[in-house]
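The chain contents come next:
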Amino acid sequence: MKTLGIVAIAFALGYHPTPARLGVSAQEFHLTLSKPAVKAGVLEIELQNDGEDPHDLRVRRVGGSHTFAIPLTQPGKRRTVAIRVRPGRYRLWCSVADHRAIGMQALLRVR
Ligand SMILES: [Cu+2]
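(A) Representation of the nonpolar core in the model. Formed by 21 residues in total, the largest nonpolar core has its most connected members in Val24, Leu57, Leu92 and Leu108. Looking at this core, the elements that each hand over two or more residues are strand 1 (20-27), strand 2 (30-33), strand 4 (41-49), strand 5 (55-61), strand 7 (78-85), strand 8 (88-93) and strand 9 (105-110). Beyond its immediate stretch of four places on either side in the chain, Val24 contacts Leu31, Thr32, Leu33, Ile45, Glu46, Leu47, Gln48, Leu57 and Leu92.

If you want it as structure tokens, here you go:
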């Protein structure tokens, strides 16, 4: 019971030993997130290209200046990157050609 208590306190303080995960499916021409919101901390983003063209992924906090980049990923392939996210809203988009403008973008909330 003592161990359980310590774990409960650790969680209450915001320590999460396993990172949050977010799946992002890329298709022509939209991005589908596995969930609309995640917790702050380490976030594993798994980009799955479910389309027929190569796509990449960019992630930037609204109001922020750093852009995380997941490189070009071929159709049928998957890439996972771990980033650290803070509470707020993050924009995700594909930076290939005009893909962002024609719909390959999404908004993620971080609590
Ligand atoms: Cu794209």
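Anyway, onward from the coordinates.
(B) Seen up close, the sheet that holds strand 1. Sheet architecture is open: four strands sit in the order 2-1-4-7, paired in mixed fashion. Each edge of the open sheet carries a strand with a single partner, namely strand 2 and strand 7. Pairs of neighbouring strands in the sheet enclose a mean axial angle of 25 degrees, with direction left out of account. Bridge analysis of strand 1 against strand 4 gives seven bridges, and the strand direction is parallel. Residue pairing across strands places Val24 opposite Leu47, the latter belonging to strand 4.

(C) Region of interest: the coordination of the copper ion. Protein-derived ligands of the copper ion are His55 (ND1), Cys94 (SG) and His99 (ND1), with the metal-ligand distances lying across 2.0 to 2.1 Å. Sequence positions of the residues that donate to the copper ion give the spacing H-x38-C-x4-H. Each member of the pair, Cys94 together with His99, is buried.

(D) Region of interest: the sheet that holds strand 3 (residues 37-38). As summarised here, the arrangement of the five strands in space is 3-9-8-5-6, forming an open sheet in which the pairing is mixed. The open sheet has two edge strands with one neighbour each: strand 3 and strand 6 (67-73). Two elements, strand 3 and strand 9, share two bridges in a ladder whose sense is parallel. Of the residues in strand 9, the one forming a bridge with Ala37 is Arg109.

Parameters and conventions
- Residues numbered from 1 in each chain as written.
- Predicted model: local features only at pLDDT ≥ 70, side-chain atom pairs only at ≥ 80, totals over all residues.
- Heavy atoms only, no water.
- Core = buried A, V, L, I, M, F, W, Y, C linked by side-chain atoms within 4.5 Å.
- Buried < 20%, exposed > 50% of the residue type's maximum accessible area, 1.4 Å probe, protein only.
- Helix = DSSP H or I, 4+ residues; strand = E, 2+ residues; numbered from the N terminus.
- Contact = heavy atoms within 4.5 Å.
- Pairing = 2+ DSSP bridges.
- Axes fitted to C-alpha atoms, helices over the stretch in contact; angles between N-to-C directions.
- Donors = N, O, S within 2.8 Å, 3.2 Å for Na, K, Ca; no water.

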